[in-house]
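Chain and residue survey
Each chain, letter by letter, is given below.
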Amino acid sequence: MTEKRDYPELASAARLSVAPMLDWTDRFCRLIHRQFSVRTLLYTEMVTAPALVRGGALHLLDHDPAEHPVALQLGGSDPAELAEAAALGWQAGYGEINLNVGCPSDRVQSGCFGAVLMRDPALVARAVAAMIAASPAEVTVKCRIGVDDDDPAAVLPGFLDAVAGAGVRRVTIHARKAWLKGLSPKENREIPPLDYPLVLAMKQRFPQLHVSVNGGITSLDQAESFLAAGLDGVMIGRAAYHEPAAILADADRRIFGDAAQAKTAGQVARAMIPHIAAHVAAGGRAHAMTRHMLGLFAGRPGARAWRRHLSVAAARREAGAEIVEEALALVERETARAAG
């Protein structure tokens, strides 16, 4: 068995985290989010254990050291395969490996992982135990409160007891059930009712666990209220992606107590210019980064002009980092006009 280590910096960072989101939280997105907040815990998109172990797709583990603190989320159901994938994640530089037990999509179910695993707590326990034994990384779990016709108050305690007994010390609970048939992934994020009191009750029942809540959280005000109520952490998903300045710009001060002045959306946009230039110089497309920047000015003067210019200009194969300065000029013009 590998020597285990404590990661107090990860537990501290998990006071606020940005949820793993397929097709969104790639390494470019994470680099943008890191410009706003140096403390918030970031997650990769879900990477499947078979892709790493059988497919050799180690490029999926690529990340910039500047993204840290960042955790790798894995999907899978075979304990041995997950253990090997966790070891690969540790070797790639991730101090936290998170097991996805919450995604309800058909694609995930067909691979027998995600939310469907909540039906088999014993298998999840074997999987996380194998992952813990395979590397020094901290192994965490992200789950739902139940699936289909489950009574969450009856099944969730047993699930948490199983994973805690296997050695997991941090869990993130999406406070909705997952309906494995009849609802799309989008509907599964919106239709099943939220049960925040149940998540709070689980923290009281399992005081030794670091418990974060996820689902329907759209502001730092909400995050602060959950922390004040006794939860250890709050995970925000789409709101952090679509309005990163609103969620992350003041997070280090409000959530972590840092005195550093918040960066503006304009400062973050300019901070990304050299990264875009380097990516384009290496043969990449500007769109790979700018697609994650469309919401930087959400709700502010010039937001529409910013989105339109980046969307149109980045579609050109020859587009470079200059399109950001061009879009910023439009924002500044609209801001001046709004100020009168």
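Now for a description of the structure that goes with this document. Bear in mind the structure is a predicted one, so any value in this text is a computation, not a measurement. (Residues numbered from 1 in each chain as written. Predicted model: local features only at pLDDT ≥ 70, side-chain atom pairs only at ≥ 80, totals over all residues. Heavy atoms only, no water.)

1. Some words on helix H14 (residues 265–281)
The terminal C-alpha atoms of H14 lie 24 Å apart, and with 17 residues this matches the ideal 24 Å at 1.5 Å per residue to within 8%. The largest bend in H14 comes to about 30 degrees, at Ile273, with the proline Pro274 one to four residues further on. Considered for burial, the residues of H14 that qualify are Ala265, Gly266, Val268, Ala269, Met272, Ile273, Ile276 and His279. On the buried face of H14, the contacting elements are helix H2 (27–36), helix H15 (287–290), helix H16 (303–313) and helix H17 (322–339). Looking one or two places after H14, you find Gly283, whose phi comes out positive at around 100 degrees. (Helix = DSSP H or I, 4+ residues; strand = E, 2+ residues; numbered from the N terminus. Expected span 1.5 Å × (residues − 1). Bend = angle between axes of the 7 residues up to and from the residue. Buried < 20%, exposed > 50% of the residue type's maximum accessible area, 1.4 Å probe, protein only. Contact = heavy atoms within 4.5 Å.)

2. Structural notes on the sheet that holds strand E4 (residues 96–101)
Read around the closed barrel, the eight strands follow the order E1-E2-E3-E4-E5-E6-E7-E8; overall the barrel is parallel. Adjacent strand axes in the sheet meet at a mean angle of 25 degrees, parallel and antiparallel pairs treated alike. Relative to E4, strand E3 (residues 70–75) is paired through three bridges, and the arrangement is parallel. By the bridge assignment, Leu74 is partnered in E4 with Leu99. The sheet strands contacting helix H6 (residues 121–134) are E3, E4 and strand E5 (138–144), and the helix crosses E4 at an angle near 165 degrees. (Pairing = 2+ DSSP bridges. Axes fitted to C-alpha atoms, helices over the stretch in contact; angles between N-to-C directions.)

3. A look at unusual backbone geometry
It is generally the case that most residues other than glycine have a negative phi and that most peptide bonds are trans. The linkage connecting His68 with the following residue, Pro69, adopts the cis geometry, with an omega of 5 degrees. Note that Pro69 resides in the loop between helix H3 (49–53) and E3. The backbone phi angle of Asp23 is positive, close to 70 degrees, even though this residue is not glycine. Along the polypeptide, Asp23 turns up in the loop between strand E1 (16–18) and H2. The class for Asp23 is exposed, based on a relative accessible area of 51%. At Asp148, a position not held by glycine, the phi torsion is positive, near 50 degrees. Here Asp148 shows up in the loop between E5 and helix H7 (152–165). Here Asp148 falls in the buried class, since its relative accessible area comes to 13%.

4. Regarding the environment of Ser17
Along the chain, Ser17 falls in strand E1. Ser17 gets classed as buried once you look at its relative accessible area, which sits at 2%. In this structure the C-alpha to C-alpha distance between Ser17 and Leu248, which are 231 residues apart in sequence, comes to 9.7 Å.

5. Let's talk about the pattern of salt bridges
Within the structure shown, the criterion is met by 15 salt bridges. Asp258 is the partner of Arg39 in a salt bridge, and the nearest nitrogen-oxygen pair spans 2.7 Å. On the criterion of sequence distance, the pair formed by Arg39 in the loop between H2 and strand E2 (41–48) and Asp258 in the loop between helix H13 (251–254) and H14 is long-range, its members being 219 residues apart. Of the residues examined, Asp258 reaches a relative accessible area of 22% and is grouped as partly exposed. Here Glu224 ties to Arg254 by a salt bridge, and the two come within 2.7 Å at their closest N and O atoms. Of this pair, Glu224 sits in helix H10 (residues 220–228) while Arg254 sits in helix H13, placing them 30 residues apart in sequence. Residue Glu224 is classed as partly exposed on the basis of its relative accessible area of 29%. Accessibility expressed as a relative area gives 28% for Arg254, which makes it partly exposed. Taken together, the salt bridges that share partners define one network made up of Glu96, Glu138 and Arg170. (Salt bridge = Lys/Arg side-chain N within 4 Å of Asp/Glu carboxyl O.)

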